[in-house]
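An overview of the molecular structure
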Amino acid sequence: MNEELKDKGLKRAIKEQPRFRLPSNFTFRTMQKVDEAILLREKKLERRTLFATIAASLFLIASGIGGLCFYFGDNIKDFFLNAFRSGIPSTQIQIPSFYFLFIVAIPIFLLFDRWMRKQYFKHHSS
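First, a word on scope: everything that follows refers to the structure included in this document. All values reported here derive from a predicted model rather than from experimental measurement.

1. Some remarks on the overall build of the protein
Helix and strand content of the protein: 3 helices and 0 strands. When the helices and strands of the protein are listed from N to C terminus, the series reads α-α-α. Buried positions account for 4% of the 126 residues belonging to the protein. For the protein, the exposed surface amounts to about 12,100 Å²; the carbon and sulfur share of it is 64%.

2. Structural notes on the pattern of salt bridges
Under the definition given, this model contains 1 salt bridge. Notably, a salt bridge pairs aspartate 113 with arginine 117, separated by 2.9 Å at the nearest N-O pair. One end of the pair, aspartate 113, and the other, arginine 117, are both in helix H3 (residues 98-124), 4 residues apart, so they sit about a helical turn from each other. Among the residues examined, arginine 117 registers a relative accessible area of 48% and is labelled partly exposed.

The rules behind each value
Residues numbered from 1 in each chain as written. Predicted model: local features only at pLDDT ≥ 70, side-chain atom pairs only at ≥ 80, totals over all residues. Heavy atoms only, no water. Helix = DSSP H or I, 4+ residues; strand = E, 2+ residues; numbered from the N terminus. Buried < 20%, exposed > 50% of the residue type's maximum accessible area, 1.4 Å probe, protein only. Areas by Shrake-Rupley, 256 points an atom, 1.4 Å probe, with all protein chains shown as cover. Salt bridge = Lys/Arg side-chain N within 4 Å of Asp/Glu carboxyl O.

Written out as structure tokens, the structure is:
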């Protein structure tokens, strides 16, 4: 009989033991941490996108200036030398492949614009 009382006492003690309970604002705090993590990830992605845009812009500007100097450097130098040598400015500058640069540059710019729009709308659509 003593053992039955001991078993009942143990069972009662186990039942009365406090159960593990989550705090009442657990879901709020969890969602708050998730939102902070998402915001931090978005800021990092925006920073990377900004640096990529700046780097691509600088590259395009440098390529444009380099291309103009490579293709038309002699013509531009001759034009300015002749323009300041004589009193009447010379308007004869020969740029035979000037339009070729536009034909090459415009599709590149359109592709870059399309890619940047995809990145922007992918990031801001949700």
